[in-house]
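Analysis of the macromolecular model
Each chain, written out:
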Amino acid sequence: MTTDEDPTAAISVGNAAAAAAIPVEDEASSLRGLGGYHGSIHPTSKVTIYYAIGVFSETRPSGSDNGIVAFDQPWKNIVATLYHELNEARTDPDVEDAIRAGSSPNAVKFLGWTSAQGEECGDFPITEAGANLSRVMKEVNLTIGTRTVPIQFQYSNAVAGPEGPIQAPHV
């Protein structure tokens, strides 16, 4: 996946020669660590559509990673990525409008929760974890039953850093 606006249909139609021309050096590429993103579009002045997109994150046969690989099975990586993106969409839904506004003084009015460094609630823990994603990507018990679910710890104001499930709310 890439956030480039150039068409990448060559991959979907199986044209390997054309697909090879797509640059992987782009920072916003799943081959360089992009796991997903969220944003919005405005089809009319009164309608906003919010969305989140997640990559099929896995270790490829070549040994390289596509997306963010933190678990032993691709579905777990996808669930944790979408958990990350949906939490960011809840706390910073209009970030894409801020990006579109660029350096305009109005850009900041579109931002929700962001750290002092400009990171969203899911990005801060990833930065804190560095190369050791297992610090913030965990399987946690569901509240009902004995099964687990893969998640990414989010930023918590109460501990000023990443935090997972707790027994009781902070007071």
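Above this text you will find the structure in question.
Predicted, not measured: the structure shown is a model, and the values here were computed from it. (Residues numbered from 1 in each chain as written. Predicted model: local features only at pLDDT ≥ 70, side-chain atom pairs only at ≥ 80, totals over all residues. Heavy atoms only, no water.)

1. Topic: the pattern of salt bridges
If the charged atoms of two oppositely charged side chains come close together, the side chains can form a pair. Heads up, the rule is: Definition used for salt bridges: Asp or Glu carboxyl oxygen within 4 Å of a side-chain nitrogen of Lys or Arg. Only protein chains enter the accessibility calculation, which uses a 1.4 Å probe; a residue is then buried when its area is under 20% of its type maximum, exposed when over 50%, and partly exposed in between. Numbering of helices and strands starts at the N terminus; helices are DSSP runs of H or I of at least 4 residues and strands are runs of E of at least 2.
Scanning the entire structure with this criterion turns up four salt bridges. As a salt-bridge pair, Lys76 and Asp72 come within 3.3 Å of each other at their nearest N and O atoms. Look at Asp72 and you get exposed, because its relative accessible area is 61%. Across the pair Glu139 and Lys76 runs a salt bridge whose closest N-O atoms are separated by 3.0 Å. Within this pair, whereas Glu139 is found in strand 5 (residues 137-141), its partner Lys76 is found in helix 3 (residues 74-91), the two being separated by 63 residues in sequence. Because the salt bridges share partners, they merge into one network encompassing Asp72, Lys76 and Glu139.

2. Here's the deal with the packing of aromatic side chains
The test is simple: Under the pairing criterion, centres of Phe, Tyr and Trp rings, with the six-membered ring standing for Trp, must be within 6.5 Å; the plane angle then separates stacked pairs below 30 degrees from edge-to-face pairs above 60, leaving the rest tilted.
Tallied over the full model, the rule gives three aromatic pairs. Relative to Tyr155, the ring of Trp113 has its centre 4.7 Å away and its plane inclined at 35°; by these criteria the two rings are tilted. Separated by 42 residues along the polypeptide, Trp113 in the loop between helix 4 (95-101) and helix 5 (123-129) and Tyr155 in strand 7 (residues 154-156) bring together distant segments of the chain. A residue is classified by how much of its surface remains accessible, and Tyr155, at 22% relative accessible area, is partly exposed. Clustering of aromatic rings is evident, with ring pairs tying together Trp113, Phe124 and Tyr155.

3. Structural notes on helix 3
The condition is simple: Multiplying 1.5 Å by the residue count of a helix minus one yields the expected span of that helix. The arc in question is traced by the directions running from the helix axis to the C-beta atoms.
Given a rise of 1.5 Å per residue, 18 residues ought to cover 26 Å, and the 26 Å separating the end C-alpha atoms of helix 3 matches this to within 8%. Among the residues of helix 3, those classed as buried are Lys76, Asn77, Ala80, Thr81, His84, Glu85, Asn87 and Glu88. Considered in projection along helix 3, the buried side chains sweep an arc of 165° and stay on one side of the axis. For helix 3, the exposed residues set more than 90 degrees away from the buried face come down to Leu86 and Arg90.

From the geometry alone we can't say anything about function, so treat these as descriptive.
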